[in-house]
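# A structural walkthrough
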Amino acid sequence: MSLRVLLAVVVAVLYLSPVTLNRAGDRTEETPGLSYVAAVYEHQVILNPEPHVPLSRAAALKHMMRNLKVYEEQAARAAEQGAQIIVFPEDGIHGFNFSRLSISGYLETIPDPLTEDWNPCTQPDKHNHTEVLQSLSCMAQRHQLYLVANMPDLQPCPLTSHPYLDPSHLPCPPDGRWQFNTDVVFRSDGSLAARYHKQNLFFEKEFDTPPRLEVVTFDTPFAGRFGVFTCFDILFHDPTVRLLEKGIRQMIFPTAWMNVLPLLTAVQIQRAVSLGANVTLLAANLRHDSKAMTGSGIFTPSTSIYHHAFHHPGEPEEGKLLVLRIPVLDSDWLATQKQAKRQGETGGKGEAKGQGETGGEGEGEPLSASLPTLSPNPSPSPSHFISSMMCDPFSFVLLHGSEGKLTVCDGPLCCHLRYQRSPQGGNTELYALGAFAGNHTANGLFAMQVCALVRCSGSEVSSCGKAVEEAESRMDFQLEGKFGTRYVYPSMLGSGMVVDRPDRIEKTTDGRVTMEHSGMTAGLVTACLYGRVYDQD
């Protein structure tokens, strides 16, 4: 059995076996010293002001080259800092809000790298109308970077295909062609390494769902294997969990994410998936304030660097480059390097320092001695109420006083909280513990089980679950739920979009998940255990 197959089993068991992560000493499987430098760029996208009006190929290229000029500048900056891979966001080259017809001038046909070796930079005449692919390829080659970008793809689809001949195939669109939201990966020599067609579209009428699910990976000489998925994919089983089941622990995530408080801001879900799935996530988002798009980061189970922009009147919208050295998590690659080291072989790129603000990983003490004790089977707290949070009817109970213990249930899910609260400046902020088990039906249909401690936006119970960005109250807490799924993603969001990392996360074989934290660096906005029940979607 290969190490990768073995790891796939371990990852699957991770959600079933007792696991504890402590802020003071995370369990890590990487060999000390084996690391690489990653970069992500949050791009302030230059948009087509009339996306529903079809453009000529020349006009569409002129538009895309303006965004690619920025990519070139940022790739050069990343390379100067020693980056070996850079990730650009979804829709960053062409923009969004197109119709199926109006995006036509932006489309290029991207060959399948599994069936064809091609370097667009050195072989520009092999395929027609591939100017964007050529630009990205030469960018990767010029700066000696692995480069990931997102662009629209055109693929032929014979009108004679029949949907019933193969159940895994969808019928051709009426115009006889596929149009895909597509991630492309280039090696540092400019050759095309991978192509991924986004599976879970989010109101993207210009694109098609691929006729077959694609689970796409690519290999690098500096960190082993990576998996690729895009934006809305992160909330679904396919392809995200399928990559985990293959033992992939390093993920590429181009996104055009619109922040939705209090549970699904960009950096919040990025950090949650990194922790909950025990993976590295290289996440690049767009910057577009009118769409609430911002939030990018480099997240590993043990450290992070991230950015969430706040727009102030008079200040320009700007992009942001993040660079960080992080540990390799690919077990097969690590084993190969370890064996090579024993044989006296060496390799790899020189040291380089990352830039930006890294997430703190300070020392912490268990809270069990200081927080109120929960009984083994606590009863639901009195005076629960229903309030809408992100269009879902959560059951809530209010927090009272400076410390206490609460339980709230919704159907089969019960959530338990122990807390000590430290209000700052005598504030009277209202907090509530919420539970929801059911189907989310707004802007997507999927099954959830969620425990969430949230700051209410006002003084009335009806404000609990509403969007709020700021908070003053610091909270030491233990949040726990017994879930009917092993896929639970923990997150904490502090005032000003600070993504704190829990002191301790514990998962047990009976589905119990516990998150514990003390010594917050900012007031608590949300603490959440976000469970996805994929088999009920």
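Please read these numbers as outputs of a predicted model, since none were measured by experiment.

## Let's talk about the nonpolar core
In this structure, Ile234, Leu235, Trp257 and Leu263 are the most contacted members of the largest nonpolar core, which totals 44 residues. In this structure, this core is formed jointly by two domains, domain 1 (35-158 + 172-335) and domain 2 (384-536), each of which donates at least three residues. Beyond its immediate stretch of four places on either side in the chain, Leu263 contacts Gln268, Met389, Met390, Phe394, Val450, Ala452, Thr526 and Cys528. With 36 residues, the next largest nonpolar core counts Ala60, Ile103, Tyr106 and Phe186 among its residues.

## Some words on the sheet that holds strand E2 (residues 35-42)
Taken together, the six strands give an open sheet; going across it, the order is E6-E5-E4-E3-E2-E13, and neighbouring strands pair in mixed fashion. Each edge of the open sheet carries a strand with a single partner, namely strand E6 (192-197) and strand E13 (320-327). Neighbour to neighbour, the strand axes of the sheet diverge by 30 degrees on average, direction disregarded. Bridge analysis of strand E5 (residues 177-186) against E6 gives five bridges, and the strand direction is antiparallel. The residue bridging Val184 from the neighbouring strand is Arg195, located in E6. Strands in contact with helix H3 (residues 131-143) are strand E4 (146-156) and E5; relative to E4, the strand with the most contacts, it is inclined by about 160 degrees.

## Some remarks on the state of the cysteines
Such a bond, covalent and formed between the sulfur atoms of two cysteines, is termed a disulfide. Overall, the coordinates contain five disulfides when judged by the stated rule. Here Cys409 pairs with Cys414 through a disulfide, and the sulfurs are 1.9 Å apart. Disulfide Cys409-Cys414: the torsion about the S-S bond is 105 degrees, which places it as right-handed. The partly exposed category is assigned to Cys409, whose relative accessible area is 22%. For Cys414, a relative accessible area of 24% translates into the label partly exposed. Along the protein chain, the cysteines that take part in disulfide bonds pair up as 1-2, 3-4, 5-6, 7-8, 9-10, counted in sequence order. Cys528 carries a free sulfur, and the closest cysteine sulfur to it, the one in Cys451, is 8.1 Å from it.

## Considering the packing of aromatic side chains
Taken as a whole and judged by the stated rule, the model has 19 aromatic pairs. With a centroid separation of 5.9 Å and 15 degrees between ring planes, the pair formed by Trp178 and Phe180 is classed as stacked. Cluster of aromatic residues (ring-pair linked, three or more members): Tyr36, Tyr146, Phe218, Phe222 and Phe226. Across from the ring centre of Phe236, 5.6 Å away, lies the NZ or CZ of Arg532, which sits over that ring.

## Here's the deal with the environment of Ile234
With respect to the helices and strands, the residue Ile234 is situated in the loop between strand E8 (224-228) and helix H4 (240-245). The exposure class of Ile234 is buried, given its relative accessible area of 3%. Measuring from C-alpha to C-alpha, the distance between Ile234 and Asn200 comes to 8.9 Å, with 34 residues separating the pair along the chain. In this view, Ile234 contacts Phe229, Thr240, Phe253, Trp257, Ile269, Val273 and Leu281; residues no more than four positions away in its chain are not counted.

Criteria and cut-off values
- Residues numbered from 1 in each chain as written.
- Predicted model: local features only at pLDDT ≥ 70, side-chain atom pairs only at ≥ 80, totals over all residues.
- Heavy atoms only, no water.
- Core = buried A, V, L, I, M, F, W, Y, C linked by side-chain atoms within 4.5 Å.
- Buried < 20%, exposed > 50% of the residue type's maximum accessible area, 1.4 Å probe, protein only.
- Domains from an automatic or database assignment.
- Contact = heavy atoms within 4.5 Å.
- Pairing = 2+ DSSP bridges.
- Helix = DSSP H or I, 4+ residues; strand = E, 2+ residues; numbered from the N terminus.
- Axes fitted to C-alpha atoms, helices over the stretch in contact; angles between N-to-C directions.
- Disulfide = S-S within 2.5 Å.
- Phe/Tyr/Trp six-rings, centres within 6.5 Å; stacked < 30°, edge-to-face > 60°.
- Lys NZ or Arg CZ within 6 Å of the ring centre and 35° of its normal.

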